[in-house]
Amino acid sequence: MKPQTTIVFAAVLLATSVGSAQPYFISPTGDDANPGTEERPFATPHRAQQATREKPGEVILRGGIYYLGAPLVFTAEDSGTKASPKVFRNYDGEEPVISGGQRLADLEWQACAKGVYRAQVPADLQTEELFVNGARQTLARYPNLYPNAQYFGGCATDAIAPGRVARWSDPTGGYFHAMHPALWGDFTWRITGKDAKGELRLEGGWQNNRASAAHEKIRFVENVFEELDAPGEWFLDAQTHTLYFYPPARLDLRTAVFEATRLHTLIEFRGDETNPVQWITLHGLIFRHAARTVMNTREPLLRSDWTIYRGGAVFFNGAEDCALEDSFIDQVGGNAVFVNNYNRRIVIRGTHITEAGASGICFVGDPCAARSPLFNYDQVQELPAIDRTPGPRTNNYPADCLVEDCLITQTGRVEKQTAGIEIDLAQNITVRHCSIYDLPRAGINIGDGCWGGHVIEFCDVFDTVKETGDHGSFNSWGRDRFWRPNIDEVNAWVKQAPELPLLDAVKPIVLANNRWRCDHGWDIDLDDGSSNYVIRNNLCLRGGIKNREGFRRVVENNILVDGGYDPHVWYSENGDIFRRNIVWTAYRPAHMPPPPWGAEMDFNLVHVDGAPDRTPATQLQEQSGRDEHSVVADAQFVDPARGDYRVRDGSPALALGFMNFPMDRFGVQKPELKALARVPVLPLIGERAAAVPARHATALPWLDARVRSIADEGERSAFGLPDVTGVLVLSVAPGSALANLGLRKNDVILSVDCTIITDAAALLRCVPAWPNARSVMVRFSRDQRQLQFSLSPHNSP
């Protein structure tokens, strides 16, 4: 039976539903002493809010910029009703801008050295973002901004090298940014000064829930005065209240508009389950100049890799039947929209979000609503301590919400462990007809199994994972109550308590009728523990589908162009199904149990262009121990050169039970957004294999073990390695000296003393035989933890 993939939402009504109530008008040229009529409008949204509390009516904003002195906060007192919702909307054909910044007027610029100008600014100005004629400028940084650079717009190994730091007279207030060594997001530290030795004092590094040292190469610094040396860069000296700016060529400082951010949040819905904010719609508004929040991103989200800042330019907390529609969120410094804790039936529709500093839209509940919660990858609990009650403890989480027909691009401008849409500790979130692209990490991320019911459908998600690694256009984790890093321990638990895997993932998560392309990972990546998924009718254009350990995933009727299916680290009885899919390659397994795999793997077609006959897919059969009816054949696509991967009548795929699905309904449908939206580049067959060749990985004897090189990105991901280097231990002789030292099958040797072991040949060169003169330290990885032992003459065989 086809699962339900739609949710019926209560209609959010606009101006025509307000009845005969007198509307209120606002204009930047108005006056709050006015009556709020069209002829004599108010000046501020706050005054209009006060008026609607006294006498309900819709609020119409004339075009222009509204610089807020404080966030506009809606409470239960502001609520509308289903029959008469409260509406704050634009005047037809005009563009009102809600700004969290301030305009810097009457600046008197004076030339400094090397193209830099300076001007005095108000003494109370504290900002980390400057806009000139509407465009975000660059904090003084090293290295300089290069828009085409892959990471951070440019990075340098010597970003905080002693010689460079010595040039900085007082870097207090600067920032040091670096990627995670495994490219699992990034870290930011604030520079608090120098110590007596001239070394930097730093605080921070809490923006990632997988703590680590900073990446040695991918790093940069910003907000340091001495690095102000390129057009578009700026620096604010808060002590002397002086703004320094290096204007781009042809910018006229006399007429340019300068604006600086102040507020983190522009609009807030502030209620709770007992007293919710109800039936308020924001329509046709532009939101700009919300401040950066990178140093506030520090709350861990259960055992996912994320930390979070609970805030956004538009912030929903304790709201019901409220909406943001047909709006534009432009260049805000943190999250664009955040739906926090208890919320029901929030709708975000027809909205364009671009260049947010963090994520586009977040739905995040209260960790206290989860049963037996843990908050870090390395935390585990024993089976008797686990609460066996299914589902949440409380209602303090977002549910029954909709994101529809939204264009979300170029988010993560400041923070890289972010997503176009992020879902954690929530239920029944539907994301439909969204176009999401140009992001540093996932387009859509689901951080845990709590509590499922999400539907992702008809979306177009591509050009993702552009600054990180080991991820996908869609990414998920499921480190729920049952999960432990050790696969064998989970297998033993589930034999004792088969209900464990779905205690949190109580409803299936559905990915249906989407188009995905990820050139730096997987198109769909179900990572650690992700369980209870239905993945159906997806067109994957580059990276294929990866299912790491988890339970009850149904993957059917998908087309995996130029790629295939990557099963990684499966549990022994996971109940997975892979059927009626069209793939280009054999399976790419990593760290898998012996076949047969899963509950069902069959009726799949391996496409070979021009293949004259159907032949059994013997390679799939040998790999999976299943695939009895799977075949190798030409799928006979309608028009793949134009992205139409439907199959023609008579295709062998149809005989296997494959069913065509629409190829013209991906992404935004709203005409104004469709005119702006890009679509993914269609693949050239064979480009994935050419771009990511596997390494030579022959098994070799080494001391009392057999080993081989880590082969490819799949094994890198399966073993949680920073890159495609290292040596996999295939076997260790029982009772041998290596076994007594603790080395086991599936350990990965990383280094010997200070020498990085890139492959098996490097290991044999470094340690060709047991050392007889001095000890060497061997560092290795097990279950994504680094351990070590000493090889010495004293413990030799």
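Rules of the game
- Residues numbered from 1 in each chain as written.
- Predicted model: local features only at pLDDT ≥ 70, side-chain atom pairs only at ≥ 80, totals over all residues.
- Heavy atoms only, no water.
- Helix = DSSP H or I, 4+ residues; strand = E, 2+ residues; numbered from the N terminus.
- Buried < 20%, exposed > 50% of the residue type's maximum accessible area, 1.4 Å probe, protein only.
- Contact = heavy atoms within 4.5 Å.
- Pairing = 2+ DSSP bridges.
- Arc of directions from axis to C-beta.
- Core = buried A, V, L, I, M, F, W, Y, C linked by side-chain atoms within 4.5 Å.
- Salt bridge = Lys/Arg side-chain N within 4 Å of Asp/Glu carboxyl O.
- Polar contact = N/O pair within 3.5 Å; in protein donor to acceptor, adjacent residues only side chain to side chain.

Undergrad: Would you mind showing me how to read the overall build of the protein chain here?
TA: When helices and strands are tallied, the protein chain shows ten helices and 66 strands. Each principal axis of the C-alpha atoms in the protein chain carries an extent, and together these give about 90 × 70 × 55 Å. Scored against the burial criterion, the 797 residues of the protein chain give a buried share of 60%. The contacts in the protein chain between residues at least 6 apart in sequence include a share of 68% that link residues at least 24 apart.

Undergrad: Teacher, can you tell me more about the sheet that holds strand β9 (residues 117–120) here?
TA: The strands that make up a sheet are held in pairs by hydrogen bonds between backbone atoms, and each pair lies either parallel or antiparallel. The five strands lie next to each other as β8-β9-β19-β18-β12, forming an open sheet whose pairing is mixed. Each having just a single partner strand, β8 (110–111) and β12 (138–139) make up the two edges of the open sheet. Sheet topology places strand β18 (residues 233–237) next to strand β19 (residues 242–245); four bridges connect them, and they run antiparallel. The residue of β19 that forms the bridge with Phe-235 is Tyr-244.

Undergrad: Help me understand helix α1 (residues 45–54), please; the structure alone is not making it clear to me.
TA: Along α1, the residues classified as buried are Pro-45, Ala-48, Gln-49, Ala-51 and Thr-52. The buried residues of α1 all sit within an arc of 160° when viewed along its axis, so they share a single face. Residues of α1 that are buried make contact with β1 (24–26), β2 (59–61), β3 (64–67), β4 (72–74), β5 (86–90) and β6 (96–99).

Undergrad: In this structure, what is going on with the nonpolar core? I would like to understand it.
TA: Nonpolar side chains tend to gather and get buried jointly when the protein is soluble and globular. Among the nonpolar cores identified, the biggest contains 81 residues, and Ile-267, Phe-269, Leu-282, Phe-287 and Val-337 are the most heavily contacted of them. Beyond its immediate sequence surroundings of up to four residues, Val-337 is in contact with Val-314, Phe-316, Leu-324, Ile-329, Ile-348, Ile-353, Gly-360, Ile-361 and Cys-362. Core analysis: the next-biggest nonpolar cluster, separate from the first, contains 23 residues, Leu-383, Trp-493, Val-494 and Phe-551 among them.

Undergrad: Can you walk me through the pairing of strand β33 (residues 361–364) in this structure?
TA: Strand residues, when the strand is regular, have side chains that alternate between the two faces of the sheet. Of the two faces of β33, the one carrying Ile-361 and Phe-363 and the one carrying Cys-362 and Val-364 are both buried. Summarising the sheet, strand β30 (residues 337–344) and β33 pair through four bridges and their orientation is parallel. Bridge assignment links Phe-338 to a residue of β33, and that residue is Cys-362. In this structure, β33 lies alongside strand β36 (residues 421–424), joined through four bridges in parallel fashion. Paired with Phe-363 across the two strands is Ile-423, which belongs to β36.

Undergrad: Please explain unusual backbone geometry as it appears in this structure.
TA: Note on backbone geometry: most residues besides glycine have negative phi, and most peptide bonds are trans. At the junction of Cys-450 and Trp-451, the peptide bond is cis and its omega measures out at 0° in the coordinates. With respect to the element layout, Trp-451 can be found in the loop between β39 (444–446) and β40 (455–457). Note that the residue after Pro-595, namely Pro-596, is joined by a cis bond; omega there is 5°. A positive phi is found at Asp-463, a non-glycine position, where the angle reads about 50°. In this structure, Asp-463 sits in the loop between β41 (460–462) and β42 (472–476). Positive phi, normally seen in glycine, also occurs at Asn-532, with a value near 65°. Looking at the secondary structure, you find Asn-532 in the loop between β45 (522–526) and β46 (533–536). Look at Asn-532 and you get buried, because its relative accessible area is 12%.

Undergrad: Can you help me understand the side chain of Asp-460 in this one?
TA: Structurally, the position occupied by Asp-460 is in strand β41. Not counting the four nearest positions on each side in its chain, Asp-460 is found in contact with Cys-434, Ser-435, Ile-436, Arg-515, Phe-666, Gly-667, Val-679 and Pro-680.

Undergrad: Would you mind showing me how to read the sheet that holds strand β10 (residues 130–132) here?
TA: With respect to topology, four strands assemble into an open sheet ordered β7-β20-β10-β11, the strand pairing being antiparallel. Edge positions in the sheet fall to β7 (101–103) and β11 (135–136), since each has one partner strand and no second. In this sheet, strand β20 (residues 258–261) lies alongside β10 in antiparallel orientation, the contact comprising three bridges. Across the sheet, residue Leu-130 finds its bridge partner in β20, namely Ala-260.

Undergrad: Which parts of the structure should I look at to understand the pattern of salt bridges?
TA: When charged atoms on two side chains of opposite charge get close, those side chains can pair. Applying the stated rule across the entire model yields 52 salt bridges. Note that Lys-670 is salt-bridged to Asp-326, the shortest N-O span being 2.9 Å. With Lys-670 in the loop between α5 (652–655) and α6 (671–676) and Asp-326 in the loop between β28 (323–325) and β29 (328–330), this pair connects stretches of sequence that are 344 residues apart. Take Lys-670: its relative accessible area is 18%, and that puts it in the buried class.

Undergrad: Looking at this structure, how should I read the environment of Gly-598?
TA: Looking at the element boundaries, Gly-598 is found in the loop between β53 (582–583) and β54 (600–602). Along the backbone, Gly-598 and Ser-624 are 26 residues apart, and their C-alpha atoms lie at a distance of 8.4 Å. Ignoring sequence-local partners within four residues, the contact set of Gly-598 consists of Trp-570, Asn-574, Asp-576 and Arg-626.

Undergrad: I tried to follow the side chain of His-289 on my own but got confused; where do I start?
TA: Take His-289: it is sitting in the loop between β24 (286–288) and β25 (299–300). Judged by its relative accessible area of 2%, His-289 is buried. In terms of polar contacts, His-289 uses its side chain to reach the side chain of Ser-99, at 2.7 Å. Here the side chain of His-289 touches Glu-259 through a polar contact of 3.4 Å, side chain to side chain. The residues contacting His-289, other than those within four sequence positions of it, are Ser-99, Gly-100, Gly-101, Phe-131, Glu-259, Thr-261, Arg-262, Leu-263 and Asp-330.

Note that every value here comes from positions in space, so none of it alone points to a role or purpose.
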